[in-house]
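Chains, contacts and geometry: an overview
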Amino acid sequence: MKAAQVPHLDALEAESIHIIREVAAEFERPVMLFSGGKDSIVMLRLAEKAFHPARIPFPVMHVDTGHNFDEVIDYRDRRIAELGVNLVVASVQAAIDAGRVVEETGPRASRNKLQTVALLDGLTDGGFDAAFGGGRRDEEKARAKERIYSFRDEFGQWDPKNQRPELWSLYNGRHRRGEHIRVFPISNWTEMDVWQYIEREGIEIPSIYYAHRREIVRRDGMLLAVTPYLTLLPDEQPEELLVRFRTVGDATCTGAVESPAATAAEVIVEVAASRITERGATRADDRISEAGMEDRKREGYF
Amino acid sequence: MEMLRFATAGSVDDGKSTLIGRLLLDSKQIFEDQLEAVERTSREKGFDYTNLALLTDGLRSEREQGITIDVAYRYFATPQRKFIIADTPGHVQYTRNMVTGASTADLALVLIDARKGIVEQSRRHAVIASLLRVPHLVLCVNKMDLVDWDQRVFDDICAEFTEFAAKLDIPDLTFIPISALNGDNVTTHSEHMPWFGGPTLLYHLEHLYIASDRNLIDPRFPVQYVIRPMSDRHHDYRGYAGQVAGGVFRPGDEVMVLPSGLTTTIASIDTFDGPLDEAFPPMSVTIRLADDLDVSRGDMICRTRNAPTATQDLDAMVCWFHERPMAERVTYGIKHTTNSARCQVRDLQYRLDINTLSRDDSAGQLHMNDIGRVQLRVTAPLFVDEYRRNQTTGSFILIDESTHETVGAGMIIGTGD
Ligand SMILES: Nc1nc2c(ncn2[C@@H]2O[C@H](COP(=O)(O)OP(=O)(O)O)[C@@H](O)[C@H]2O)c(=O)[nH]1
């Protein structure tokens, strides 16, 4: 019998599948948030595994800022068709058009904050009582204490005082009508685990995660992609660099990193090495601003 | 690479944050910019050293602000293992956090300040680790630099703790003298304590044998979800999805389904990645049965000759989490494996004083952070094992019926009278 060792990716996968099935069993209308980013791609794959050979028994929701990388939308549509699930698009543009929110203007305008409104509208309109998100606890200090089942107030905000203790693998999903929770099935995964899983499973992710040549501008220590949505400042000179993205969000404020890593295996090597050698002001600045972006994204999104 | 989950506990200022910061730093989980920020704050606050505790400082600031303090989860990996730390704040009233952290832990790490020796809190932590049956306990005697690296201090603490631990059920106990501040015996051997022949803390965490801690003897499969594709390709497919809670299942095994008691054989064990020859904890799989039985969520697949007890009476140790105390004759919701029901508190036999291990028979209620022995009557049979035999089929949570909060956690000792 080979029960001796359970590789960490298998243990994480089994835990995540357990969580996804538990929510599907105990909630009436779950929905899985999907951004096209690597974490939500892994989460969607886990959902696919959880119900195989049946279809995923809930729809997938994309909170669409309208500022997308084309590669990400292509990927989304292909994947959704492959899985045969319903896609719900919660559109920030629609919220703007309906006058629900006012768009920021100027070169540094971002739609990240507006995502919250689109998301909450989407959840209400769909009557969803549980929303899966791809958040991980290793993302930042404050996240470290977030539960797997995360109870939200009526504004969708995390209420640290009103969280339920989670013991063993017993999750308490009781809720009142109208209440909804966020569920984070990959809470215990780290960035490294996600990359290792992508590589082990041969999961396709949008091409912008890997090295490609692209027109970028340098702004606030970040490398921003030149897209129709980005307003250039007077002194900004686009240049072409070999870059990849570490997250994919609103194209106007997602920073790229210079990198020749063209495969998951090469990214893993970079992620591992950056923990040791990421020294010096330039890289550190990069890192801080990147973390800052993540935060803003999180405020808006999850 | 295997995964090891451990819970850390210590009284305030024993050096827990420093130790965790040290482990994260030495395993290269800390980025330069984070470290620089900590060095800067250390200087600003007038420390003449880098205060690693600042790395995990989320909890401390909360403590100062008096907000709810909770278990924080942290992650690091070495080439040997991936680690998940359940960092449980060590304040007196936070028994519930330690219980929560320990419920999923392979190992409990209890910190002691070498100058203070074993205090009430240390005993409390050890008792909780043993109640929750955490298989491995490591006692780190910290701040050895402040007692001149004196072997006698360490030996005395070990002796005293060993004597106390004899009253508990702790299968594996290890002592390590450390200085979290300087890193002695954390990831590298200490030059200051040549008298210590044991492993460093990190080496111990990396090499400890944990594969046998799971129950691979008693086959238990709580049915979580019924998979019925109803598609053209899988027209008649009916699979029972769940996470194996004990033992090993193989295709061809004769199995029994509870509560019906009907028997059949396993037709196949399916996963997205193909069928399996065997399934064991903690795998999430889908089992197909040879016969068309009526099986649904909450049912249990086991063996004819090795089945859990189906019972409505539970005898359990319960840890109480809520400000509103647990009282006799009150009804709560109960969740056990994939089963939900209601239960009534029939009798609170005693409250355990976890400092002295004495039993208070006169307690009429369990208050927040109390642990007591309780008799429960459940509205429908649950399929249970003793917690000591199986942590998944031996544990449950109690839920307030009106607020839906999780108010207690229980470990089954037996099946009542
Ligand atoms: N001398 C010495 N001081 C230590 C050691 N470990 C921690 N400390 C100090 O003890 C104090 C409390 O440590 P901290 O990690 O914040 O404790 P916590 O409350 O258990 O998290 C801090 O000032 C630390 O710098 C050690 O090994 N030696």
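Residues numbered from 1 in each chain as written. Chains lettered and ligands numbered in written order. Predicted model: local features only at pLDDT ≥ 70, side-chain atom pairs only at ≥ 80, totals over all residues. Heavy atoms only, no water.

Regarding the overall build of chain A
Along its length, chain A carries eight helices and ten strands. Residues counted as buried form 60% of the 302 residues belonging to chain A. When the accessible surface of chain A is totalled, it reaches about 12,200 Å², and 50% of it is carbon and sulfur. (Helix = DSSP H or I, 4+ residues; strand = E, 2+ residues; numbered from the N terminus. Buried < 20%, exposed > 50% of the residue type's maximum accessible area, 1.4 Å probe, protein only. Areas by Shrake-Rupley, 256 points an atom, 1.4 Å probe, with all protein chains shown as cover.)

Re the environment of alanine 77 of chain B
Within the fold, alanine 77 of chain B resides in strand β2 (residues 72-77). The sequence separation of alanine 77 of chain B and arginine 373 of chain B amounts to 296 residues, and the corresponding C-alpha distance is 39 Å.

Notes on the sheet that holds strand β7 (residues 212-219) of chain A
Residue and element names in this part refer to chain A. Spatially, four strands are ordered β7-β8-β10-β9 in a closed barrel, and the strand pairing comes out antiparallel. Taking the axes of each pair of neighbouring strands and ignoring which way they run, one obtains an average angle of 70° across the sheet. Bridge count for strand β8 (residues 222-225) against strand β10 (residues 255-258) is two bridges, and the pairing is antiparallel. Each bridged residue has a counterpart across the sheet, and for leucine 224 the counterpart in β10 is glycine 255. (Pairing = 2+ DSSP bridges. Axes fitted to C-alpha atoms, helices over the stretch in contact; angles between N-to-C directions.)

Comments concerning the packing of helix α4 (residues 95-103) of chain B against helix α5 (residues 120-131) of chain B
Residues and elements named next belong to chain B. Packing of α4 against α5 leaves a shortest axis separation of 10 Å and a crossing angle of 40°. Taken together, the axes of α4 and α5 lie oblique to each other. The two elements α4 and α5 cross, and the hand of that crossing is right-handed. Where α4 abuts α5, its residues Thr95, Met98 and Val99 lie against Arg124, His125, Ile128 and Ala129. (Parallel < 35°, antiparallel > 145°, perpendicular 65-115°, else oblique. Left-handed = near helix turned anticlockwise from the far one by under 90°. Contact = heavy atoms within 4.5 Å.)

Section: the pattern of salt bridges
Evaluated as defined, the whole model comprises 50 salt bridges over all chains. Between aspartate 273 of chain B and lysine 49 of chain A there is a salt bridge whose closest N-O contact spans 2.8 Å. Residue aspartate 273 of chain B is located in the loop between β11 (262-270) and β12 (284-289), and its partner lysine 49 of chain A is located in helix α2 (residues 38-51); the two belong to separate chains. On the accessibility criterion, lysine 49 of chain A (4% relative accessible area) is buried. (Salt bridge = Lys/Arg side-chain N within 4 Å of Asp/Glu carboxyl O.)

A closer look at the domain arrangement of chain B
Residue and element names in this part refer to chain B. What the domain assignment lists for chain B is domain 1 (3-213), domain 2 (220-303) and domain 3 (309-414). Domain 2 and domain 3 are separated by 29 Å when their C-alpha centres are compared. If you look at the interface, domain 2 gives twelve residues, while domain 3 gives nine residues. Of the roughly 830 Å² buried between domain 2 and domain 3 on both sides combined, carbon and sulfur atoms contribute 60%. Joining domain 2 to domain 3, the criterion identifies one salt bridge. With a shortest N-O distance of 2.7 Å, aspartate 385 and arginine 220 are connected by a salt bridge. (Domains from an automatic or database assignment. Buried area = accessible area lost by both parts, 1.4 Å probe.)

Description of the sheet that holds strand β5 (residues 149-151) of chain A
Residue and element names in this part refer to chain A. Read from one edge to the other, the open sheet built from six strands follows the order β3-β2-β1-β4-β6-β5, with strand pairing classed as mixed. Both outer strands of the open sheet, β3 (87-91) and β5, are each paired with one neighbouring strand and no more. If you compare each strand with its neighbour and ignore which way they point, the axes differ by 30° on average. Two elements, strand β1 (residues 30-33) and strand β4 (residues 130-132), share three bridges in a ladder whose sense is parallel. From the neighbouring strand, valine 31 faces β4, where its bridge partner is alanine 131. Most of the contacts of helix α5 (residues 115-126) go to strand β2 (residues 60-64), to which it runs at about 150°, and overall it touches β1, β2, β3, β4 and β6 (181-183).

Things to note about the packing of aromatic side chains
Enumeration according to the criterion identifies 20 aromatic pairs over all chains in this entry. Arranged with centres 5.8 Å apart and planes meeting at 70°, the rings of tryptophan 168 of chain A and tyrosine 387 of chain B form a pair that is edge-to-face. Linking tryptophan 168 of chain A in the loop between β5 and β6 with tyrosine 387 of chain B in the loop between β20 (371-384) and β21 (395-399), this pair reaches from one chain into another. Take tryptophan 168 of chain A and tyrosine 387 of chain B: they sit in the same class, and that class is buried. The interplanar angle of 85° and the centroid separation of 6.0 Å between the aromatic rings of phenylalanine 161 of chain B and phenylalanine 175 of chain B together place this pair among those described as edge-to-face. Remark: phenylalanine 175 of chain B occurs in strand β6 (residues 172-177) and phenylalanine 161 of chain B occurs in helix α6 (residues 151-165); sequence separation between them is 14 residues. In this structure, phenylalanine 161 of chain B and phenylalanine 175 of chain B share a single accessibility class: buried. Aromatic rings pair up to connect Phe51, Phe58 and Phe132 of chain A together with Tyr225 of chain B into one cluster. (Phe/Tyr/Trp six-rings, centres within 6.5 Å; stacked < 30°, edge-to-face > 60°.)

Some remarks on the pairing of strand β5 (residues 136-142) of chain B
Residues and elements named next belong to chain B. With respect to burial, β5 is a largely interior element, seven of its seven residues being buried. Burial of the side chains of β5 extends over both faces: His136, Val138, Cys140 and Asn142 are buried on one face and Leu137, Leu139 and Val141 on the other. Summarising the sheet, strand β4 (residues 107-113) and β5 pair through seven bridges and their orientation is parallel. Across the sheet, leucine 109 pairs through a bridge with valine 138, a residue of β5. A crossover links β4 with its parallel partner β5, the connecting element being α5, and its sense is right-handed. (Right-handed = clockwise from strand over helix to strand, strands pointing away.)

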